[in-house]
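Commentary on secondary and tertiary structure
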There are 4 protein chains.
Amino acid sequence: MAPKALNIGMIGYGFMGRAHTNGYKRVNDFFDLPLRPVLKAACARSAEKIQAFADQWGYESIETDWRKLVERKDIDAVDICVPNNLHKEIALACAANGKMILCEKPLAMNVAEGEEMCQAVEKAKVVNTVWYNYRRVPAVTMAKQLIDEGRLGKIFHYRANFLQDWTISEDLPQGGNALWRLDVEAAGSGVTGDLLAHCIDTAVWLNGKVSDVTAVTETFVKERMHNLTGKKEKVGIDDACAFLCHFQNGSLGLFESTRYARGHKALYTFEINGEHGSLKWDLHDLHRLEFFDYKDEGKLRGWRSIHVTDGEHPYMNKWWVPGLQIGYEHSFVHHVRDFLEGAAKGEPCGPTFRDALETQKICDAVLASGKDRSWKSI
Amino acid sequence: MAPKALNIGMIGYGFMGRAHTNGYKRVNDFFDLPLRPVLKAACARSAEKIQAFADQWGYESIETDWRKLVERKDIDAVDICVPNNLHKEIALACAANGKMILCEKPLAMNVAEGEEMCQAVEKAKVVNTVWYNYRRVPAVTMAKQLIDEGRLGKIFHYRANFLQDWTISEDLPQGGNALWRLDVEAAGSGVTGDLLAHCIDTAVWLNGKVSDVTAVTETFVKERMHNLTGKKEKVGIDDACAFLCHFQNGSLGLFESTRYARGHKALYTFEINGEHGSLKWDLHDLHRLEFFDYKDEGKLRGWRSIHVTDGEHPYMNKWWVPGLQIGYEHSFVHHVRDFLEGAAKGEPCGPTFRDALETQKICDAVLASGKDRSWKSI
Amino acid sequence: MAPKALNIGMIGYGFMGRAHTNGYKRVNDFFDLPLRPVLKAACARSAEKIQAFADQWGYESIETDWRKLVERKDIDAVDICVPNNLHKEIALACAANGKMILCEKPLAMNVAEGEEMCQAVEKAKVVNTVWYNYRRVPAVTMAKQLIDEGRLGKIFHYRANFLQDWTISEDLPQGGNALWRLDVEAAGSGVTGDLLAHCIDTAVWLNGKVSDVTAVTETFVKERMHNLTGKKEKVGIDDACAFLCHFQNGSLGLFESTRYARGHKALYTFEINGEHGSLKWDLHDLHRLEFFDYKDEGKLRGWRSIHVTDGEHPYMNKWWVPGLQIGYEHSFVHHVRDFLEGAAKGEPCGPTFRDALETQKICDAVLASGKDRSWKSI
Amino acid sequence: MAPKALNIGMIGYGFMGRAHTNGYKRVNDFFDLPLRPVLKAACARSAEKIQAFADQWGYESIETDWRKLVERKDIDAVDICVPNNLHKEIALACAANGKMILCEKPLAMNVAEGEEMCQAVEKAKVVNTVWYNYRRVPAVTMAKQLIDEGRLGKIFHYRANFLQDWTISEDLPQGGNALWRLDVEAAGSGVTGDLLAHCIDTAVWLNGKVSDVTAVTETFVKERMHNLTGKKEKVGIDDACAFLCHFQNGSLGLFESTRYARGHKALYTFEINGEHGSLKWDLHDLHRLEFFDYKDEGKLRGWRSIHVTDGEHPYMNKWWVPGLQIGYEHSFVHHVRDFLEGAAKGEPCGPTFRDALETQKICDAVLASGKDRSWKSI
């Protein structure tokens, strides 16, 4: 039976707009699903830019006012792909109009906003999800499976980092379309919301809730030209952030992110150590999962590099053949797949707004600890 | 200006049918091109199977007789995705009908067939290409660029292998839809045409023509149940093949492929050593290129692992951001991209049939040498 | 000219006793030096055990009372290879007797002891060094050279960890000869003094002094059978410890060590990120140094794996030929080499007691912060 | 009980002279053995050079005529560390004088010489061994154990290469003390005897005898200044050599060596693929063994990197602690250990001359095949 149409309204057209749209367009080619996303409308303030985007990707229509898009009867689900400071307002309007919501991460500018958003979607009973896409990289999904199967036993350590190097130059400006991530007004925070939030989402998913944190934050370049004011302005974001934490299960956590780690383009790694085994993953080779199994015969123990491309690996029976890797964009295809499966049944697709609020709480605590140099309970 | 439609007729619906179709569907989302492939018709003997494929991927119509497809006026280009023993006949018909041809590799069952096919397309002046897709993995394309820039200097060595492990069990049958690659009647050869042909195409592209070869071939499992006869039949293919060769530039070559290398799903590696530097690549981590530059300062020399995901790397300015890898399927998208660029101008897209004939010559010589244990000139 | 004898008195015969002795015995085979260590006497409380050790390694005589050894006229230098709680008393006696001192790390049980030791050796003007051996792994020495040459530019980040997994079992006892490292009375601390101290020594050497720290410490197994009392006793050491810090040069530091990281036998890694480049090292492959040079041509940038076995690499012109690696024990040979070079001229061989006191200060601050959960200035 | 002295007479003082001597000096420090090598005499034509060597390493006396050394009553075992063209004559004299022999590899200039040597030692019943040291790298020894335990099952493939890059420059001369390996008169062959011989010895040890071979050899630089004649002379050695072979167990072999592989200092790798598993090893990281076990649970299969530093790994219970690697030179220590164990009991220590003759046969066949381009039976 042919899948039913699910009309998508996309707000935004940047990097994430492209990645999500690609997910909508690819998912039914590879997965048998009850729903098929239809690219109904794309929206941005600039008619010219959004029309070009719509033409490139095949959106049927455009809007220049997100409120209109949100109110359109022919839209089933809204994808919020705009800077963080706009998430809340749009999400509340979507909920009020009964639209499903796929919101880019982080959920909000802070916990207060996030809580308001959670209450809105829960009250309106609209299906909602937040694009923490790395959960659906097959190797990461498989890590979750192995942990849930008890293969690691009691957990002692979790460590993760997200290292980039693209803002080292002092000549890089802040703000505006391309660089809103450096502008605290638009982004809320720097690497904490942009990068650490990914690490935290995965960590909580794999290892459970965090109890408390202590953090250090740093802004290496104190002033940058601002694209909106044309003047040198104080930089309000955190360029780097690291924190220590306890998880509720008694394990210790160690997290770090920065945009000043020369040589790392987008290195997101995590490692988790348990009584019976350990797991490691690295976004730079996202199709591999490293596994150490203490139950292996003693003299033969070693870290195994699992090439996560077999039919029995998560999501992989729908792609190519063993040995042939998929890439970054496929995590979004998988997210859409699970969202559609859930939406058809009215079931949530994690991380929901409520799940993402947990990450927001930790981000807020980390930023607060970075300011006053004390431990914070979550 | 919107790209012009190029109507595709696809013959076949297997692994390669899917990979090529995905290429047609994605290419215009990411690349600005003068042409846009339209999935006009898909063809196979089984109406049921081809209809399911057409529904899944969005082909507008189906055919069950490839001759009809080839003669349809609304088809501009035919994609030949059928077992090797059918390539020649279909290609000749395409040429006779003035269709562009995208033919799955290897070109033909042997050089005689291949020569006939070359003459047909050259006489008919139809645009033609053969799907040796690995040339368009960005790291491989970049290897070509570095060699052409003279960074390796005089070449001494080229080595490549393609290792798999999926036919070790004696219980695996041969023949029929899924396993025609094990049936010498359909495939012409075993690993030589299936795997070594890829290694050879890349090698000739990167390092020039081969002068002579000496080979060893082996069939480890001598008899297998045949899916078409229902009986145990002699296995006619080569399970493993290795050869030594001289290239015309004076360098030595060493090639190996097998389906009996436990632990390797689809390991295709090559390495090339020159006076000034060396390059290595591995399909299992296809987004990386290893480079050794003797011109580096002495004490700092080492193999560099280049994560081929930057905007200045081949094809990569159209995908995501630095650090985010693409996968196997993107090589086909790039092949389609280059084919469309060429087709719009009436220019060839390598490897053409004539280019692929060079690989066929080497394959034939290798198989002959494997039989009579003597060196063969190419 | 034949090197002059330097008579060594060794106190202790454990793992480190063997490693140091091997250093003394090998150094003149490979390095041309003004002095030659002579294994004059070995000392331990058990006559039987120390005689066996002396026979195995070739010490000329034994003592069972370290005070006697320290007072012997025929001893030039004393090597202190006993548990941490004995370092101070022996070192003070050595200074009083005008002996050179090679003291196992960490320097002392705490800063107060360490300060007393520093004053004693400085007053007595005896040559002294502490066995932080990793400085003399050639790849680590080379990292120091590259940093001193300014190749990394301004430093932003330093991270290090030392991960082991040998104390996970709750059945492992504490205390006594083999397991004094688990007994807080003998060791002073757990992983902080045993493992982190190594990371800190290297860090301060490579990246300068630390300003302040915040730490978390954990004891996963709260009680263990004690080999000396025969009863279950509270475990007083830290099983795991992690800390964040600022260096005086403005960079951020992140350190972690544990004996509960399943799959890591003795993984000591560090990474340092600067404006122009980055360096990484891993004890598990100690003969390699990873280097990222931002000055490389853009499209060719990548982490280089430098196989530190060339004649132009530190210490390596005295060993084998390029490509042939040395191992763990050679770091001690190099330490002896530099100690002898210095001793002949009356020059210090870093880390001196005073250098090692800096590490002790950080360890003490880390342990204090782990207790009261606040930042500590150094 | 103290070990009995075994008086060593060393002929030669080059790279191998140092490596063997180090083995003699270290072995009793680490292993409990019935015999202890005593460095009785060292011999070379130049009194000045051999005296310096003897002083450096502690040989008690020197000789300048190897015949004298061989006839000395106080010498128990002779170590032949001279160019290949002198092996036979010295070995015959040793046998005639009833000396044990430790002969540097390859055994001889050719099979005829080797056969004569075998007959001499067998007739004289003197203990003999050839320094194919890589058998005693713990990871390689462990590979042998795993194969003997049947863990790989039926073997399909064996591949090995030994790649260097130190003779690429045309300005490098040939001949004389340092460069006799480039002089066919002294060396007999180039990479075949120097490098491939190592690969072959390991292969035959691990995978059994070879049936037949076909080879290609190449001399890239045709003329080099000769250090003995002072003139440009034809280069008679093979710069590169590759061959294909069948093993008697039905598996296929693929071997390559060269001194023109830019970026490889001394890369010796082998891989063996069997029905149930595969093994890989690389001299550049000699303390690791890669193992793929098909018996692992399907979704968890992957290559394991075994850090061969545990007490249960071959030879490793005598060195340091898990995680701390040993290096190249330790393979010689282990060879001496096994030689002494055997010598005490009058038992052979493989590879014996007879074992090494098997390697010589294959080398001769490879060189002959390289000349006349035909398959050769062994």
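Up top you'll find the structure we're talking about.
The notes below deal with the structure included here.

**Topic: the overall build of chain A**
- The helix and strand inventory of chain A stands at eleven helices and 17 strands.
- Here chain A has a C-alpha radius of gyration of 21 Å; the compact-globule value for 378 residues is 21 Å, and the two agree.
- C-alpha atoms of chain A, sized along the principal axes, occupy 65 × 60 × 40 Å.
- Across the 378 residues in chain A, those meeting the buried criterion constitute 67%.
- Carbon together with sulfur atoms contributes 48% to the accessible area of chain A, which is approximately 12,500 Å² in total.
- In chain A, 47 side chains carry a positive charge and 51 a negative one; their mean positions are 1 Å apart.

**Section: the interface of chain C and chain D**
- Contact residues are listed per partner, giving 39 residues for chain C and 39 residues for chain D.
- Summed over both sides, the interface of chain C with chain D buries roughly 3,300 Å², with 46% coming from carbon and sulfur.
- Sorting the residues of chain C by area buried against chain D places Asp29(C), Lys265(C) and Trp320(C) first, and these three jointly supply 21% of that buried surface.
- Seen at the junction of chain C and chain D, the total is eight salt bridges.
- Here Asp285(D) and Arg288(C) are joined by a salt bridge, their closest N and O atoms 2.8 Å apart.
- For the interface between chain C and chain D, the tally reads 36 residue pairs in polar contact (both at pLDDT 80 or more).
- Listed by contribution, the elements that provide at least two residues to the side of chain C that touches chain D are helix H1 (15-30) and helix H2 (47-57) of chain C.
- For the side of chain C that touches chain D, the element with the most residues is H1(C), which contributes nine residues.
- Of the residues in the side of chain C that touches chain D, the class split is 16 nonpolar, twelve polar and eleven charged.

**As for the sheet that holds strand E2 (residues 35-43) of chain A**
All names here are of chain A.
- Pairing is parallel in the open sheet, where six strands are placed in the order E3-E2-E1-E4-E5-E6. The sheet is open, and its two edges are formed by strand E3 (61-63) and strand E6 (128-130), each paired on a single side. Sheet twist, expressed as the mean angle between neighbouring strand axes with direction ignored, is 25°.
- As defined by bridge partners, E2 adjoins E3 across three bridges and the pair is classed as parallel. Within E3, the position partnered with Cys-43 by the bridge is Glu-63.
- Sitting on the sheet, helix H1 (residues 15-30) is in contact with strand E1 (4-11), E2, strand E4 (77-80) and strand E5 (100-103), with an inclination near 150° to E2.
- Sheet strands in contact with helix H2 (residues 47-57) are E1, E2 and E3, and its direction is about 155° off that of E3.

**Comments concerning the environment of Ser251(A)**
Residue and element names in this part refer to chain A.
- Structurally, Ser-251 can be placed in the loop between strand E11 (240-247) and strand E12 (252-258).
- With sequence-adjacent residues up to four places away left out, Ser-251 is seen in contact with Ile-155, Phe-156, His-157, Asn-207, Cys-245 and His-246.
- In terms of polar contacts, Ser-251 uses its side chain to reach the side chain of Asn-249, at 2.7 Å.

**Observations concerning the interface of chain B and chain A**
- Taken residue by residue, the interface counts 39 residues in chain B and 39 residues in chain A.
- Here chain B packs against chain A, burying approximately 3,300 Å² in sum over the two surfaces, 46% of which is carbon and sulfur.
- Considering only the side of chain B, the residues that lose the most area to chain A are Asp29(B), Lys265(B) and Trp320(B), jointly responsible for 21% of the buried surface there.
- At the boundary of chain B with chain A, the tally comes to eight salt bridges.
- Between Arg26(A) and Asp29(B) there is a salt bridge; the shortest N-O distance is 3.2 Å.
- One can count 36 residue pairs in polar contact (both at pLDDT 80 or more) joining chain B with chain A.
- Of all elements in the fold, only helix H1 (15-30) and helix H2 (47-57) of chain B reach the threshold of two or more residues within the side of chain B that touches chain A.
- Broken down by element, the side of chain B that touches chain A gets its largest block of residues, nine residues, from H1(B).

**Some points on the packing of helix H9 (residues 191-207) of chain C against helix H11 (residues 353-372) of chain C**
Residue and element names in this part refer to chain C.
- Relative to each other, H9 and H11 sit at 125°, their axes nearing to 9 Å. As the angle between them shows, H9 and H11 are arranged oblique. The handedness of the crossing between H9 and H11 comes out as right-handed. Residues Thr-192, Ala-197, Ile-200, Asp-201 and Val-204 of H9 form the contact with H11, whose own contacting residues are Glu-358, Thr-359, Ile-362, Cys-363, Val-366 and Leu-367.
- In terms of residue class, the contact of H9 with H11 is made up of seven nonpolar, two polar and two charged.

**Describing the relation of the copies chain B and chain A**
- Structural alignment of chain B on chain A gives an RMSD of 0.0 Å, achieved by rotating through 180° and translating 0.0 Å along the axis. In symmetry terms, the pair is related by a two-fold rotation axis. Looking at the rotation axis and the C-alpha trace of chain B, the residue lying nearest is Gly327(B), at 2.3 Å.

**Considerations on the relation of the copies chain C and chain D**
- Rotating chain C by 180° about the axis while translating it 0.0 Å along that axis superimposes it on chain D, leaving an RMSD of 0.0 Å.
- Of all interface residues in chain C, 100% are interface residues in chain D too; the two copies therefore contact each other through one and the same surface.

**Remarks on the side chain of Asn22(D)**
- Residue position: Asn22(D) is located in helix H1 (residues 15-30).
- The buried category is assigned to Asn22(D), whose relative accessible area is 0%.
- A distance of 3.3 Å separates polar atoms of two side chains, one belonging to Asn22(D) and the other to Arg26(C).
- Contacts of Asn22(D), omitting those with residues within four sequence positions, involve Arg26(C), Phe30(C), Trp320(C), Trp57(D) and Glu329(D).

**Examining the pairing of strand E2 (residues 35-43) of chain C**
Residues and elements named next belong to chain C.
- Summarising burial for E2: eight of the nine residues are buried, a large majority.
- One ladder, built from eight bridges, connects strand E1 (residues 4-11) with E2; its direction is parallel. Each residue of the ladder has a partner; that of Lys-4, found in E2, is Leu-35.
- After leaving E1, the chain enters H1 and then returns to the sheet as E2, a path that is right-handed.
- Handedness of the crossover joining E2 and strand E3 (residues 61-63) through H2 is recorded here as right-handed.

**Quick notes on the packing of aromatic side chains**
- All chains considered together, the criterion is met by 116 aromatic pairs over all chains.
- Their ring planes at 10° and their centres at 5.2 Å tell us that Phe162(B) and Tyr268(B) sit as a pair that is stacked. In this pair, Phe162(B) is assigned in strand E7 (residues 155-163) and Tyr268(B) in strand E13 (residues 267-274), connecting sequence segments 106 residues apart.
- Taking the relative accessible area as the measure of exposure, Phe162(B) reaches 3% and is therefore buried.
- Here Tyr268(B) falls in the buried class, since its relative accessible area comes to 0%.
- Between the NZ or CZ atom of Arg262(B) and the centre of the ring of Tyr294(D), over which it lies, the distance is 3.5 Å.
- Across from the ring centre of Trp375(A), 4.2 Å away, lies the NZ or CZ of Arg373(C), which sits over that ring.

**Comments concerning the state of the cysteines**
- If you walk through the whole model with that rule in mind, you get zero disulfides over all chains.
- Cys241(B) takes part in no disulfide bond, and the closest cysteine sulfur, belonging to Cys363(B), lies 8.3 Å away.
- For Cys241(B), a relative accessible area of 1% puts it in the buried group.
- In this structure Cys81(D) is not part of a disulfide, and its nearest cysteine sulfur, from Cys103(D), lies 8.5 Å away.
- Assessed through its relative accessible area of 11%, Cys81(D) is described here as buried.

**Overview of helix H5 (residues 111-124) of chain C**
All names here are of chain C.
- Across its 14 residues, H5 extends 20 Å between first and last C-alpha, which sits within 8% of the 20 Å expected from 1.5 Å per residue.
- Within H5, the full set of buried residues consists of Glu-113, Gly-114, Met-117, Cys-118, Ala-120 and Val-121. Projection of H5 onto a plane perpendicular to its axis shows the buried side chains occupying an angular sector of 165°, all on one side. For H5, exposure combined with an orientation more than 90 degrees from the buried face picks out Ala-112 and Lys-123.
- Elements in contact with the buried residues of H5: helix H4 (87-96), strand E5 (100-103), strand E6 (128-130) and H11.
- By the N-cap criterion, in which a side-chain oxygen at the helix start approaches the backbone nitrogen of a residue two or three places on, H5 is capped by Asn-110, the distance to Ala-112 being 3.2 Å.

**Looking at unusual backbone geometry**
- For the peptide bond that leads from Lys105(A) to Pro106(A), omega is -10°, which places it in the cis range.
- One non-glycine residue, Arg373(A), lies in positive phi territory at about 55°.
- Within the secondary structure, Arg373(A) is located in the loop between helix H11 (353-372) and strand E17 (376-377).
- Taking relative accessible area as the criterion, Arg373(A) reaches 35% and is therefore assigned partly exposed.
- Its identity as a non-glycine residue notwithstanding, Lys125(C) has a phi of 55°, on the positive side.

Cut-offs used in this document
Residues numbered from 1 in each chain as written. Chains lettered and ligands numbered in written order. Predicted model: local features only at pLDDT ≥ 70, side-chain atom pairs only at ≥ 80, totals over all residues. Heavy atoms only, no water. Helix = DSSP H or I, 4+ residues; strand = E, 2+ residues; numbered from the N terminus. Rg over C-alpha atoms; globule rule 2.2 N^0.38 Å. Buried < 20%, exposed > 50% of the residue type's maximum accessible area, 1.4 Å probe, protein only. Areas by Shrake-Rupley, 256 points an atom, 1.4 Å probe, with all protein chains shown as cover. Lys, Arg positive; Asp, Glu negative; His and termini not counted. Charge placed at Lys NZ, Arg CZ, Asp CG, Glu CD. Contact = heavy atoms within 4.5 Å. Buried area = accessible area lost by both parts, 1.4 Å probe. Salt bridge = Lys/Arg side-chain N within 4 Å of Asp/Glu carboxyl O. Polar contact = N/O pair within 3.5 Å; in protein donor to acceptor, adjacent residues only side chain to side chain. Nonpolar A, V, L, I, M, F, W, Y, C, P; charged D, E, K, R; others polar. Pairing = 2+ DSSP bridges. Axes fitted to C-alpha atoms, helices over the stretch in contact; angles between N-to-C directions. Parallel < 35°, antiparallel > 145°, perpendicular 65-115°, else oblique. Left-handed = near helix turned anticlockwise from the far one by under 90°. Least-squares fit on C-alpha atoms with pLDDT ≥ 70 in both. Right-handed = clockwise from strand over helix to strand, strands pointing away. Phe/Tyr/Trp six-rings, centres within 6.5 Å; stacked < 30°, edge-to-face > 60°. Lys NZ or Arg CZ within 6 Å of the ring centre and 35° of its normal. Disulfide = S-S within 2.5 Å. Expected span 1.5 Å × (residues − 1). Arc of directions from axis to C-beta.

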